[in-house]
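One-letter residues, chain by chain:
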Amino acid sequence: MAEEIKLCSVSELFGKHFFIPAYQRGYRWEMRQITDLLKDILEFQKKANSRALGLGEFYCLQPLIVLYREEEDIWEVVDGQQRLTTMYILLSYLATRGDYGIPPELFSIEYETREKESYSSKEFLKNITSTTKIDMTNIDFYRMSDAYFIIKKWFEEIKPTIGKIVDTLISYEPDENGKDEANNIRFIWYPITSSNEGNESPNVTFAKYNQGKIDLTNAELIKALFYLTDGEKDKKKHQIKIGYEWDDIENTLREPDFWHFINPTQTYFNHIEFIFDLVATKYKPCLDINIQEKIKKDDRLRVYYIFNELIAENVKIYEDSKFSNTRDFLWDEIKTYFRTFLEWYHSKDDDNKFTHFHLIGFLLQIGGAENSIEKIKELSESKSKPEFIEELKVKIKNYFGEVDLNEMGYEDNKDKAKNLLLLFNVITTMNGGFHKFPFDRISNWSLEHIHAQQSEELTNEKDKIQLLQEQKNDTFICKHKNILEEINELLSQPTIDQSQFAGLQKKIFDLSSDAGTTIHSIKNLALLTPSDNSSLNNSPFHRKRDKIKELDERGSFIPICTNNVFLKYYSKNVEQNVKWDKKDMDAYLKEMKIILNDYLNIANNESR
């Protein structure tokens, strides 16, 4: 049965028999996916009834990729079983609400893994409306019965007009040329064969559909390319293998800490498309130059077109490998990329540190053409592990250039100051040897002044007395007789004069911070997320310290070095905890130089 790719109304599925093979995932849709679909259908139905839609406009349920098995007269579903099963359950429920033209026999769905003597998915779905409670027989029946109750509850609560919903779902109004003029719900009917015939046809057809704003994904199309085989022998085994490997890659990439480690910025509906993108970019130059020119960089299906051309033309990129065709070679390349990224994520060096994870993660965070994941992968393939680590350090040094930490700060180069503090936190975490820096918890960073640019004044009498007593015993401050006299005068007052106290504190800070020149220096800056930064406002040091504790207790991510700063972890012989002074700053800067010595070209570094 030769069929072409086309738009297919729901009613055109009636009478067909669908088979979900074992290599496919069972039914797994939950409340979010189901209610999102119902909301979309309702919104589309309202537009149709308000005449906001043109003739023949439709809502698309994405591709239903199928393979016809002629001997059995069934359609094997390669992709789209979640949407297809949900549509069946939805129609079954609506049929119970009255006679709205839904036929008594819809279409049948048979899950291969759920067809046994004691139970049958086909029969279970056929009788889904008789379900009175969640079925615990197996995970598929559990999800199917749960879906039925989710749909039932949604209609009972939202109370849409049933007849209009049904009409939107199953209407079909072909004109004299067979073109559907109804405003309805449609699948993209995508039949495939087990041969390579007609590989160019989907390109043209899907491009036409794309003009109708159907949101296809590269992954859905590429998946079908890899499920195809050159013959019937071991076809099922091949498809099961691809299915399991595909799910393993996709599910692992969806782990937030792993995903944001390799991909800090880009968004993909299917995470495996990230690797497809890399592989397609690598091998696009192997295509005929005329084909390359036709595949535009901004084409949303660019990656699919590249894969399709490589496979359809069997471009000989596999000649020096163990493979005999392009399809198998490309799938192995995808797995190689995945394994490489996984090794970077998990491997430890001889000192039991996650060195690859932290250095690569940092480089990918700061970005740039020379720090792309493809460049880093190429580097890893040409070097031994120790050499690779050294080359990563060189990349970091090249990014910063020669750094004078005494001069770097907020005003010198804000972005480099931010990234330098990020590196300080990343390397400090790495050196601990137990944890990984949580790249997945970052959207972006801001610089926090440890001593505020315009610090709020202390107004609590007890706090003022405590600070003055600590300052009175500070050996650095005591060297300045006039300052000591002012401290004693204020301490002798029954109530400390606020204006005089504020003036003194400015003198002390200017004295201990090189007369104000340190305020924007790297040694007075720490890293925080923008939201946490804004919550600190311009509070003095001791108040910021308390707020940092509160944020930490509430689950905010406070970078390790920022925590250490406000705990005065780097300071020696701490004499007071209320103020961030010159000694604290110098100790902070010294630690920074020690930790980053192997990763920066530090000018005037006495710590070497």
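Throughout what follows, the structure given in this document is the object of discussion. A quick note: this is a predicted structure, and the numbers were derived from the prediction, not measured.

Focus: the packing of helix H10 (residues 272–283) against helix H12 (residues 302–312)
Thought 1: Contact geometry for H10 and H12: axes closest at 9 Å, N-to-C directions at 55 degrees. As judged from the angle between their axes, H10 and H12 are oblique. As for how H10 packs across H12, the hand of that crossing is left-handed. Here Phe-276, Asp-277, Val-279, Ala-280, Thr-281 and Tyr-283 of H10 come into contact with H12, specifically with Arg-302, Val-303, Ile-306, Phe-307 and Leu-310.
Thought 2: Split into classes, the residues belonging to the contact of H10 with H12 amount to eight nonpolar, one polar and two charged.

Examining the nonpolar core
As a rule of thumb, soluble globular proteins bury nonpolar side chains together.
Thought 1: Ile-275, Phe-307, Phe-341, Leu-420 and Tyr-588 are the most contacted members of the largest nonpolar core, which totals 110 residues.
Thought 2: Setting aside its immediate chain neighbours within four residues, Ile-275 contacts Ile-249, Leu-253, Ile-334, Tyr-337, Phe-338 and Phe-341.
Thought 3: Judged by nonpolar contacts, the second largest core, of 52 residues, contains Val-10, Leu-13, Tyr-93 and Met-144.

Section: the packing of helix H1 (residues 31–49) against helix H4 (residues 139–158)
Thought 1: Where H1 meets H4, the axes come as close as 10 Å, and the angle between the chain directions of the two elements is 40 degrees. Comparing their axes, H4 and H1 come out oblique. As H1 packs across H4, the resulting crossing turns out to be right-handed. Contact residues: H1 offers Met-31, Ile-34, Thr-35, Leu-38, Lys-39 and Leu-42, while H4 offers Ala-147, Ile-150, Ile-151, Trp-154, Phe-155 and Ile-158.

Section: the sheet that holds strand S3 (residues 59–69)
Adjacent strands of a sheet form backbone hydrogen bonds with each other and so pair up, either parallel or antiparallel.
Thought 1: The mixed open sheet is built from six strands, whose spatial order is S1-S6-S3-S4-S2-S5. Looking at which strands have only one partner, the edges of the open sheet turn out to be strand S1 (6–9) and strand S5 (108–111). Recorded for the sheet is a direction-independent mean angle of 40 degrees between the axes of neighbouring strands.
Thought 2: One ladder, built from two bridges, connects strand S2 (residues 17–20) with strand S4 (residues 74–79); its direction is parallel. Following the sheet pairing, Phe-19 is matched in S4 by Glu-76.

About the criteria used
- Residues numbered from 1 in each chain as written.
- Predicted model: local features only at pLDDT ≥ 70, side-chain atom pairs only at ≥ 80, totals over all residues.
- Heavy atoms only, no water.
- Axes fitted to C-alpha atoms, helices over the stretch in contact; angles between N-to-C directions.
- Helix = DSSP H or I, 4+ residues; strand = E, 2+ residues; numbered from the N terminus.
- Parallel < 35°, antiparallel > 145°, perpendicular 65-115°, else oblique.
- Left-handed = near helix turned anticlockwise from the far one by under 90°.
- Contact = heavy atoms within 4.5 Å.
- Nonpolar A, V, L, I, M, F, W, Y, C, P; charged D, E, K, R; others polar.
- Core = buried A, V, L, I, M, F, W, Y, C linked by side-chain atoms within 4.5 Å.
- Buried < 20%, exposed > 50% of the residue type's maximum accessible area, 1.4 Å probe, protein only.
- Pairing = 2+ DSSP bridges.

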